[in-house]
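Residue-level listing of the chains:
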Amino acid sequence: LAQAQAALGRLEHTARERGMLRITAVLLHERLQLCLRANAVAAAGSHVQALQALAAQALAAHRLAAPRVAHWAQLASARWHLHQLQDEAALALLQPLLASTQPGGWLRLQAGALAAIAAQRSGQAHMALRGALQVLQQAQAMGVACSLHDLGPDYLQLVRQLQGGDDPLLALYAERLL
């Protein structure tokens, strides 16, 4: 884990030096995830703060990457709240992100998965399963269904619940993933 953090840190430093704000944001988010997996809360908090500062910097400089960097910062804040078991706060950050048409790709899949996890933990089982199903459908359409393993055990538990559902195609996708 320490080697991964060091490698991501070097990449982040290089991306910052070259003014590559979106790449810097993605790398900071990856470092945040590693810290949260290791329960390194203080380091994780510093990555959230760095992402928020990067988003503010990009906005102030009127950079084209500003909206995308802001989305990564918003996702990082939501992930932080989810880790701290502040599910309602996480949902409040994730719902506008999911309602927007801008964030797509892996960022949108992560936001959807985190929202599904937060919904499940806050007692909104139907919303959680619907969200997990949407993420699974999107990932399958994008050809990245196997990457959903990276979303962690909470998301995979939601997918397990889809296996016995009414839609045989989605049950097959869930079975393949698990």
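Read on for an overview of the structure. Quantities reported herein were computed from a predicted structural model and do not represent experimental measurements. (Residues numbered from 1 in each chain as written. Predicted model: local features only at pLDDT ≥ 70, side-chain atom pairs only at ≥ 80, totals over all residues. Heavy atoms only, no water.)

1. Some points on the overall build of the protein chain
Counting its secondary structure elements, the protein chain contains nine helices and zero strands. Overall, the protein chain shows an N-to-C arrangement of helices and strands of α-α-α-α-α-α-α-α-α. Here the C-alpha atoms of the protein chain give a radius of gyration of 16 Å, agreeing with the 16 Å that 2.2 N^0.38 yields for 178 residues. Referenced to the eigenvectors of the C-alpha coordinate spread, the extents of the protein chain come out at roughly 50 × 35 × 30 Å. When the 178 residues of the protein chain are sorted by exposure, 42% land in the buried category. By sequence separation, contacts in the protein chain at least 24 residues apart represent 58% of the contacts at least 6 residues apart. Element-wise, carbon and sulfur atoms account for 56% of the exposed surface of the protein chain, whose accessible area totals about 9,100 Å². Side chains of the protein chain carry 14 positive and 10 negative charges; the gap between the two charge centres is 9 Å. (Helix = DSSP H or I, 4+ residues; strand = E, 2+ residues; numbered from the N terminus. Rg over C-alpha atoms; globule rule 2.2 N^0.38 Å. Buried < 20%, exposed > 50% of the residue type's maximum accessible area, 1.4 Å probe, protein only. Contact = heavy atoms within 4.5 Å. Areas by Shrake-Rupley, 256 points an atom, 1.4 Å probe, with all protein chains shown as cover. Lys, Arg positive; Asp, Glu negative; His and termini not counted. Charge placed at Lys NZ, Arg CZ, Asp CG, Glu CD.)

2. A short note on helix 5 (residues 87–99)
Given a rise of 1.5 Å per residue, 13 residues ought to cover 18 Å, and the 18 Å separating the end C-alpha atoms of helix 5 matches this to within 8%. Within the sequence span of helix 5, burial applies to D87, A90, L91, L94 and L97. On the buried face of helix 5, the contacting elements are helix 4 (66–83), helix 6 (105–121) and helix 7 (125–142). (Expected span 1.5 Å × (residues − 1).)

3. Considerations on the nonpolar core
Grouped together as the largest cluster of nonpolar side chains are 50 residues, with contacts concentrated most on L136, L148 and Y155. Going through the elements one at a time, helix 2 (21–37), helix 3 (41–60), helix 4, helix 5, helix 6, helix 7, helix 8 (153–162) and helix 9 (168–177) are the ones with two or more residues in this core. For this core, the leading source of residues is helix 6, giving ten residues. (Core = buried A, V, L, I, M, F, W, Y, C linked by side-chain atoms within 4.5 Å.)

4. Considerations on the packing of helix 4 against helix 5
Two elements in contact, helix 4 and helix 5, have axes separated by 7 Å at closest approach and are oriented at 160°. It follows that helix 4 is roughly antiparallel to helix 5 by the angle criterion. Remark: the crossing between helix 4 and helix 5 carries left-handed chirality. Of the residues in helix 5, those touching helix 4 at H71, Q74, L75, S77, A78, H81 and L82 are D87, A89, A90, L93, L94, P96 and L97. Grouping the amino acids of the contact of helix 4 with helix 5 by side-chain chemistry returns nine nonpolar, four polar and one charged. (Axes fitted to C-alpha atoms, helices over the stretch in contact; angles between N-to-C directions. Parallel < 35°, antiparallel > 145°, perpendicular 65-115°, else oblique. Left-handed = near helix turned anticlockwise from the far one by under 90°. Nonpolar A, V, L, I, M, F, W, Y, C, P; charged D, E, K, R; others polar.)

5. Quick look at unusual backbone geometry
Unusually for a residue other than glycine, N39 sits at a positive phi of about 60°. Overall, the relative accessible area of 52% leaves N39 in the exposed class. In this structure, H62 takes a positive phi of about 55° despite not being glycine. Within the fold, H62 resides in the loop between helix 3 and helix 4. What makes H62 exposed here is its relative accessible area of 71%.

6. Focus on the side chain of Q5
Tracing the backbone shows Q5 in helix 1 (residues 2–17). Owing to a relative accessible area of 15%, Q5 belongs among the buried residues under this scheme. The residues touching Q5, leaving out its near neighbours within four places in the chain, are R31, L34, C35 and H47.

7. Quick look at helix 4
Quick reminder: α-helices carry 3.6 residues per turn. Residues three or four places apart thus point the same way. With 18 residues, helix 4 ought to run about 26 Å at 1.5 Å a step, and its terminal C-alpha atoms sit 26 Å apart, in line with that. The secondary structure elements touched by the buried residues of helix 4 are helix 2, helix 3, helix 5 and helix 6. Within two residues after helix 4, L85 carries a phi angle of roughly 65°, on the positive side.

8. Here we look at the environment of Q163
Within the secondary structure, Q163 is located in the loop between helix 8 and helix 9. By relative accessible area, Q163 is classed as partly exposed at 33%. Sequence separation between Q163 and A174 is eleven residues, and the spatial gap between their C-alpha atoms is 5.8 Å. What Q163 contacts, discounting residues up to four positions off in sequence, is A171, A174, E175 and L178.

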